[in-house]
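# Structural features, examined
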Amino acid sequence: MNKIILFYKYIEIPYPKQVMKWQQQICQDLQLKGRILISHEGINGTLGGLSENLDQYKNLMSEHELFGNIDFKESAGGPECFPRLSVKVRNEAVSLGIPYDALTPRNAGQHLSPEQTHELIATQPEDLVILDARNNYEWAIGKFENAITPNIENFRDLPQYLEENLEQFADKQVLMYCTGGIRCERASAYLNEKNIAKKVYQMDGGIHRYVEQYPDGFFRGKNYVFDGRIAVKVNDDIIGSCSICTQPCDDYHNCLNAMCNEHFIACVACIEKLEKTCSKECQTLLAENKVAMRPEFNKSCHI
Ligand SMILES: [Zn+2]
Ligand SMILES: [Zn+2]
């Protein structure tokens, strides 16, 4: 049996390069694939592999002086959902573009468990604002009902969005969420430090943990993920729409024109008509051999 694990931990890592080499070694030994980012502020990873090997990975982590008590989230999938193993040292565990010393999770919003999250939303307080801290292509196919969805393409654009829209949060209870919780640790700290909201909360474990408890709750649609699965279906609601004909649809494709590689939502009829490209222009360029064809996506990643 295969599976995928998702995890993070904010902790001061004095020697990230040393941790990187150790991670490369154990992941290779356990034949894991995926992506691990290590920085002075912590570790952030997604790995696919055999269940028993991932359990062994978790044991090795828990024995390490820095990496005990990690909340490992598990889901269906496997190593085939990743092109390779990539272990890298970065400035930040997740890229916000703000030095760690200037913004740390120490000032983060209060964590709410899935149960507390569900209860807060269910009681419908008038001053509650739900804020999606993810990118536009993520919330386009799934989100919490009535959430504010910033039109940003990168997490590092969120601070500017918050700056320009602070009045939306004035005297409100703000409930922030992201995929697994890592982004909210610092994004909620950013909002908290503005001292404008009445209260700032973050969903502990993000969408992942909430939908495990409440698959038919206040989150509707699919949960976008950053591997070959692209998205994990949570319930039957279709939140997105085909970018070509606008009918309800939540299936992503990448344009077959290697020079374009646009990531877009398209229905079966439109994608067939455009021969897996995003537009008539890309279709024509490919047909006339003026551009290279992007290697097709790994189809073995099924969940
Ligand atoms: Zn369509
Ligand atoms: Zn294209």
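Structural data are supplied above this passage.
Computed from a predicted model, the values in this text were never measured in an experiment. (Residues numbered from 1 in each chain as written. Chains lettered and ligands numbered in written order. Predicted model: local features only at pLDDT ≥ 70, side-chain atom pairs only at ≥ 80, totals over all residues. Heavy atoms only, no water.)

### Comments concerning the pairing of strand E2 (residues 33-39)
Taken across its seven residues, E2 has five buried, putting it largely inside the fold. Strand direction decides the pairing type here: E2 and strand E3 (residues 42-50), joined by seven bridges, are antiparallel. What sits directly across from Ile 38, in E3, is Ile 43. Linking E2 back to E3 in an antiparallel pair, the connection comprises two residues. The pairing of E2 with strand E5 (residues 85-89) spans five bridges and is classified as parallel. Looking at E5, one finds that Arg 35 is bridged to Ser 86. (Buried < 20%, exposed > 50% of the residue type's maximum accessible area, 1.4 Å probe, protein only. Helix = DSSP H or I, 4+ residues; strand = E, 2+ residues; numbered from the N terminus. Pairing = 2+ DSSP bridges.)

### Some words on the environment of His 118
Following the sequence through the fold, His 118 ends up in helix H3 (residues 114-122). What His 118 contacts, discounting residues up to four positions off in sequence, is Tyr 210, Tyr 214, Gly 217 and Phe 218. (Contact = heavy atoms within 4.5 Å.)

### Thoughts on the nonpolar core
By size, the foremost hydrophobic cluster in this structure holds 29 residues, and its most contacted members are Leu 131, Leu 158, Tyr 161, Leu 162, Phe 169, Met 176 and Leu 191. Secondary-structure elements contributing two or more residues to this core are strand E1 (2-10), strand E7 (128-132), helix H5 (158-164), strand E9 (173-177) and helix H6 (182-192). If you tally residues by element for this core, the top one is H6, at six residues. Of all hydrophobic cores here, the second largest spans 21 residues; its members include Ile 5, Ile 26, Cys 27 and Val 87. (Core = buried A, V, L, I, M, F, W, Y, C linked by side-chain atoms within 4.5 Å.)

### Concerning helix H7 (residues 206-213)
Burial analysis of H7 places six of its eight residues in the buried class, which makes it a mostly covered element. Here H7 has its buried residues at Gly 206, Ile 207, His 208, Arg 209, Tyr 210 and Val 211.

### Quick look at the side chain of Ser 51
With respect to the helices and strands, Ser 51 occurs in helix H2 (residues 51-63). When sequence neighbours within four positions are dropped, the list of residues in contact with Ser 51 reads Met 1, Asn 2 and Lys 3.

### Some words on the sheet that holds E1
Strand order in the open sheet made by the five strands is E4-E1-E3-E2-E5, with mixed pairing throughout. With partners counted over all chains shown, the strands left at the sheet margins are strand E4 (73-75) and E5, one partner each. Across the sheet, the mean angle from the axis of one strand to that of its neighbour is 10 degrees, orientation sign disregarded. Contacting E2, E3 and E5, helix H1 (residues 16-29) crosses the sheet at an angle of about 170 degrees to E5. In the packing of H2 onto the sheet, contacts are made with E1, E2, E3 and E4, and the angle to E1 comes to roughly 20 degrees. (Axes fitted to C-alpha atoms, helices over the stretch in contact; angles between N-to-C directions.)

### Let's talk about the packing of aromatic side chains
Two aromatic rings are characterised by how far apart their centres lie and by the angle between their planes. Under the criterion given, the structure shown has 13 aromatic pairs. Ring centres 6.2 Å apart and planes at 5 degrees place the aromatic pair Trp 22 and Phe 67 in the stacked group. With Trp 22 in helix H1 and Phe 67 in the loop between H2 and E4, this residue pair connects regions lying 45 residues apart in the sequence. Clustering of aromatic rings is evident, with ring pairs tying together Phe 144, Tyr 177, Tyr 210, Tyr 214 and Phe 219. (Phe/Tyr/Trp six-rings, centres within 6.5 Å; stacked < 30°, edge-to-face > 60°.)

### Focus on the packing of H3 against H7
Contact pair H3 / H7: the axes reach a minimum separation of 9 Å and the direction vectors enclose 80 degrees. Of the possible angle classes, the one that applies to H3 and H7 is roughly perpendicular. On H7, the residues touching Pro 114, Glu 115, Thr 117 and His 118 of H3 are Arg 209, Tyr 210 and Gln 213. Class assignment of the residues belonging to the contact of H3 with H7 gives a composition of two nonpolar, three polar and two charged. (Parallel < 35°, antiparallel > 145°, perpendicular 65-115°, else oblique. Nonpolar A, V, L, I, M, F, W, Y, C, P; charged D, E, K, R; others polar.)

### Points about helix H9 (residues 280-287)
Of the positions making up H9, those classed as buried are Cys 282, Gln 283 and Leu 286. Within H9, the buried residues cover an arc of 100 degrees as seen down the axis, which keeps them to one side. Those residues of H9 that are exposed and angled more than 90 degrees off the buried face are Lys 280 and Glu 281. As for H9, its buried residues are in contact with helix H8 (268-273). Asn 289 lies just past H9 and shows a positive phi near 55 degrees. (Arc of directions from axis to C-beta.)

### Considerations on a positive patch on the surface
A contiguous patch of positive charge on the surface is contributed by Arg 35, Arg 84, Lys 88 and Arg 90. Inspection of the secondary structure puts Lys 88 in strand E5. (Patch = residues over 30% accessible without salt bridge, like charges linked within 9 Å, V, L, I, M, F, W, Y side chains within 5 Å. Areas by Shrake-Rupley, 256 points an atom, 1.4 Å probe, with all protein chains shown as cover. Salt bridge = Lys/Arg side-chain N within 4 Å of Asp/Glu carboxyl O. Lys, Arg positive; Asp, Glu negative; His and termini not counted. Charge placed at Lys NZ, Arg CZ, Asp CG, Glu CD.)

### With respect to the coordination of the zinc ion (ligand 2)
Summarising the metal site, the zinc ion (ligand 2) is bound by the protein donors Cys 255 (SG), Cys 260 (SG), Cys 278 (SG) and Cys 282 (SG), whose distances to it range over 2.3 to 2.4 Å. Geometry at the zinc ion (ligand 2) is tetrahedral, judged from the four donor atoms that bind it and their angles of 105 to 116 degrees at the metal. All donors to the zinc ion (ligand 2) come from one chain, and their sequence spacing reads C-x4-C-x17-C-x3-C. Separated by 23 residues along the polypeptide, Cys 255 in the loop between strand E13 (252-254) and strand E14 (263-265) and Cys 278 in the loop between H8 and H9 bring together distant segments of the chain. Take Cys 255: its relative accessible area is 0%, and that puts it in the buried class. (Donors = N, O, S within 2.8 Å, 3.2 Å for Na, K, Ca; no water. Tetrahedral: all angles 85-135°; square planar, octahedral: opposite > 155°, others 65-115°.)

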